[in-house]
Amino acid sequence: MNDLDATSPAPQGAPSVRKNFPDGFIWGSATSSFQIEGATGEDGRAPSIWDTFCAEPGRILDGSNGDMACDHYNRFKEDVALIKSLGFDAYRFSIAWPRVIPTGTGAVNEAGLNFYEQLVDELLANDITPLPTLYHWDLPQVLEDAGGWVNRDTALAFADYAAVVVERLGDRVQTWTTLNEPFVSANHGYVTGEHAPGHTSMAEGFAASHHLLLAHGLAGRRIRELAPDARLAIVINFTPIEPATTSNADVVAAYHQNNLENRWYADPIAGLGYPIDTARYHRWEQDEVRPGDMETIAIPIDLLGINFYTRSIVQAEGDYELPEGTPQNTMGWEIHPPSLGELLRGLHERYDFPSMLITENGAPMPDRIRKDGRIEDDDRLDYIRQHLAQVHGAIEAGCPIEGYLVWSLFDNFEWAWGYGPRFGIVEVDFETQERTPKKSAEWFSATADANGFDLPDPTRWAPTED
Ligand code: FCB
C-alpha cells in the first residue's frame, strides 16, 4: 500500500504531471563492496588500500573503517530478500579483488569467489538482475605496495583478476562493468589525496588515469573472449562544470576542469583519445602511453554507466562557495537536477554509446527518525523524483537510457566522510544492524512497481538559461 501522496507536502504552483517510463525500464539500487560488506578479515580476504588508509590517523572524518560496515557479507541473504520486497529489477554491487585474489595476482581464494557466486545465485533466484562492478576502489594493498595504479602491471593484474571472476560467473551475469569512476580513483587517490592511497602528485594522477583505462581495455578484451554474449560496461562519474564568471581566467579554468572530469575517460573509450590541449596545459608528456594502448582502451562498450550527483562551478582562483540559500545536501553538494538532463543529452550527442544506465544518483540528507521508527526523508524522495524527471525528459529527447539505480540501497561507509553522510533509502542502525526502509524507499518501490510517478509542480526546476 502506498499512502505517500497523502502525506507529501501539498504541491505548490502548477498541477502535477504523470511521468511514465518505457516498458522494461530497469529500477534498482547500488552499493559497493568496501562500503557495505564488513568482514574485512574473514575467509581469507587480504587488506585493501582502504583498510590501510582508514588505519592512518586523520584520513577518515569520524575515524571509522570498513571492518563492520553493514555486515552485508554475513547478511546478504536477508539483504537480497529486502531488495526483493522493494520490488527492484536489478542490483548493482561490486566484487572485492582482495577477497578473490588476496595477493593481487596468482592464487584464487575460493571462499572469496564463492561469496559472490552465492550472492549472484541468490539474486537470480529472486529474479533480480545482478550488475557486478569488478573494481570499486578496493585495490589489494599488496599491489599498492608495488606502485598501485601508477604501475602498469596493475592493469595487467586487473585483466587476470577479471578473467577469474568471469570464468566463474560468466554463465550467470549478462552485463560486466569493469571500473567504477576511474576519475575518482586517479584524482582523489593520487592527486588530492582525499582517498586511498592518499598520494598528492599530478604526475601520478595522470599515470594512474592511463593505467586504469588500460585496465578497462585489457579486461574488456578478456570479457569478450570468455563471455561473448555478455555486455561490456564501464561506470564513469560526470560533474557538469560551469565557469563562475565570464572572465577569461574562469572560462579557461572551467574548460580544463571539464576535460579532466568529464572527458578524460569517456573520450578515449569512444576512440577520441585524451583531450590533448588539457594534457599539454598540465604538461603531461604521455610517457605511459605505449603503442596500441589507445586501441585497447577504445574497445567498444555496450553500455555506459553514469554516476551523477551535482554540478560544479569553477573559478580560476580558490574554491567557489555556493551562495547562501542554494539547495544542497549534507555534504554541501549543490542540488541541481537540470544538470542531469543536460548531461544525458550532451553525452548522447557526443558519444552515441548504444545504451546508458544511471548507475548512481542520490543524496545524503538529515534523516529524522520518528518515534515510531519511520523516517520521513521527503528531501531525499524529492531529490530522486526531480532527477528521475530529468531522466524522463532525456528519454523523451531520444536518449537510450535503460534504467535508473539509486545510490544507495543502504546507509554505508562514505569513504573519507565515514558513517556521517547517510545516502541510503534504507536506514541502517550501525549498533544493531537493523535495516529500516525510509519513506523514499517506499516511494521508489511504488514508482518501480507502477513504472512511473506523478511529478508535483513540474515547473520548479526550469531549464537553465545557458
Ligand atoms: C560515488 C561513489 C560511491 C559513493 C557515492 C556517494 O563517487 O561511486 O561509492 O560514495 O559517490
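See the structure above.
These notes cover the structure that comes with them. (Residues numbered from 1 in each chain as written. Predicted model: local features only at pLDDT ≥ 70, side-chain atom pairs only at ≥ 80, totals over all residues. Heavy atoms only, no water.)

### Considerations on the overall build of the protein
Per the secondary structure count, the protein includes 17 helices and 14 strands. Computed over its C-alpha atoms, the radius of gyration of the protein comes to 21 Å, within 12% of the 23 Å expected for a compact globule of 466 residues. Taken along the three principal axes of its C-alpha coordinates, the protein extends 60 × 55 × 45 Å. Buried positions account for 59% of the 466 residues belonging to the protein. The averaged location of the 72 negative side-chain charges in the protein is 2 Å from the averaged location of its 34 positive side-chain charges. (Helix = DSSP H or I, 4+ residues; strand = E, 2+ residues; numbered from the N terminus. Rg over C-alpha atoms; globule rule 2.2 N^0.38 Å. Buried < 20%, exposed > 50% of the residue type's maximum accessible area, 1.4 Å probe, protein only. Lys, Arg positive; Asp, Glu negative; His and termini not counted. Charge placed at Lys NZ, Arg CZ, Asp CG, Glu CD.)

### Topic: the side chain of Ser355
For Ser355, the location among the structural elements is in the loop between helix 15 (338–351) and strand 10 (356–360). We classify Ser355 as buried; its relative accessible area is 10%. Ignoring sequence-local partners within four residues, the contact set of Ser355 consists of Arg231, Asp302, Leu303, Leu304, Pro400 and Glu402. (Contact = heavy atoms within 4.5 Å.)

### Looking at the packing of helix 15 against helix 16 (residues 378–396)
The contact between helix 15 and helix 16 brings their axes to 8 Å, and the two run at 30°. Here helix 15 lies roughly parallel to helix 16, going by the angle between them. You can see that helix 15 and helix 16 cross each other, and the crossing is right-handed. Taken together, the residues of helix 16 that come into contact with helix 15 (itself represented by Pro338, Leu340, Gly341, Leu344 and Arg345) are His387, Gln390, Val391 and Ala394. (Axes fitted to C-alpha atoms, helices over the stretch in contact; angles between N-to-C directions. Parallel < 35°, antiparallel > 145°, perpendicular 65-115°, else oblique. Left-handed = near helix turned anticlockwise from the far one by under 90°.)

### A few points about the pairing of strand 6 (residues 231–237)
A large share of strand 6 lies buried, amounting to six of its seven residues. Of the strand pairs in this sheet, strand 6 and strand 8 (residues 303–307) are connected by five bridges, and their pairing is parallel. Paired with Val235 across the two strands is Gly305, which belongs to strand 8. (Pairing = 2+ DSSP bridges.)

### Description of the pairing of strand 10
Counting buried positions along strand 10 gives five out of five residues, so the element sits mostly inside the fold. Bridging between strand 8 and strand 10 involves four bridges; their strand directions are parallel. Its bridge partner being in strand 10, Asn307 is matched across the sheet by Glu360. Pairing between strand 10 and strand 11 (residues 401–407): three bridges, direction parallel. Residue pairing across strands places Ile358 opposite Tyr404, the latter belonging to strand 11. Note on the crossover from strand 10 through helix 16 to strand 11: the handedness is right-handed. (Right-handed = clockwise from strand over helix to strand, strands pointing away.)

### With respect to the site of the ligand
Taken together, Gln35, His136, Trp137, Asn180, Glu181, Asn307, Tyr309, Glu360, Trp407, Glu414, Trp415 and Phe423 make up the full set of residues near the ligand. Measuring from an oxygen atom of the ligand, one finds a side-chain N or O atom of Asn180 at 3.0 Å. Between Glu414 and the ligand, the recorded distance is 2.7 Å, taken from a side-chain N or O atom to an oxygen atom. Alone, the ligand offers 300 Å² of accessible surface; in the complex the protein occludes 94% of this. Residues belonging to the shell around the ligand are distributed by class as follows: five nonpolar, four polar and three charged. (Near = heavy atom within 4 Å. Polar contact = N/O pair within 3.5 Å; in protein donor to acceptor, adjacent residues only side chain to side chain. Areas by Shrake-Rupley, 256 points an atom, 1.4 Å probe, with all protein chains shown as cover. Nonpolar A, V, L, I, M, F, W, Y, C, P; charged D, E, K, R; others polar.)

### Digging into the packing of helix 16 against helix 17 (residues 439–450)
Where helix 16 contacts helix 17, the axes come no closer than 8 Å and their chain directions differ by 30°. Between helix 16 and helix 17, the interaxial angle falls into the category roughly parallel. For the pair formed by helix 16 and helix 17, the contact residues are Asp378, Arg380, Leu381, Ile384, Arg385 and Leu388 on the first element and Lys439, Ser440, Trp443 and Phe444 on the second. Residue composition of the contact of helix 16 with helix 17, by class: five nonpolar, one polar and four charged.

### Some remarks on the nonpolar core
Formed by 130 residues in total, the largest nonpolar core has its most connected members in Trp50 and Trp176. Examining the composition of this core, we find that 10 residues originate from one element, helix 8 (residues 153–169), more than from any other. If we ignore the near neighbours within four places in the chain, the residues touching Trp50 are Phe34, Ile60, Trp137, Asp138, His195, Ala196, Phe413, Trp415 and Ala416. With six residues, the next largest nonpolar core counts Leu131, Leu303, Leu357 and Leu405 among its residues. (Core = buried A, V, L, I, M, F, W, Y, C linked by side-chain atoms within 4.5 Å.)

### Focus on the sheet that holds strand 8
Strand order in the closed barrel made by the eight strands is 2-3-4-5-6-8-10-11, with parallel pairing throughout. Neighbour to neighbour, the strand axes of the sheet diverge by 25° on average, direction disregarded. Each of strand 4 (129–135), strand 5 (175–180) and strand 6 is contacted by helix 10 (residues 202–226), which is oriented at about 165° to strand 5, the strand it contacts most. Running at roughly 150° to strand 2 (residues 26–30), helix 17 makes contact with strand 2 and strand 11 of the sheet.

### Comments concerning the environment of Val184
If you trace the backbone, Val184 turns up in helix 9 (residues 182–191). Separated by 44 residues in the primary sequence, Val184 and Pro228 have C-alpha atoms spaced 29 Å apart.

### So, the packing of aromatic side chains
Taken as a whole and assessed by the stated rule, the structure comprises 39 aromatic pairs. Where Tyr404 meets Phe444, the ring centres are 5.8 Å apart and the plane angle is 55°; that geometry is what we call tilted. Here Phe444 lies in helix 17 and Tyr404 lies in strand 11, a separation of 40 residues in the sequence. The exposure class assigned to Tyr404 is buried, which follows from its relative accessible area of 0%. (Phe/Tyr/Trp six-rings, centres within 6.5 Å; stacked < 30°, edge-to-face > 60°.)

### Some words on the pattern of salt bridges
For the structure shown, the criterion picks out 33 salt bridges. Across the salt bridge formed by Arg168 and Glu117, the nearest N and O atoms sit 3.0 Å from each other. You can see Arg168 sitting in helix 8 and its partner Glu117 sitting in helix 6 (residues 110–125), a full 51 residues away along the chain. The partner of Arg172 in a salt bridge is Asp171, with the nearest N and O atoms 3.0 Å apart. The class for Arg172 is partly exposed, based on a relative accessible area of 22%. (Salt bridge = Lys/Arg side-chain N within 4 Å of Asp/Glu carboxyl O.)

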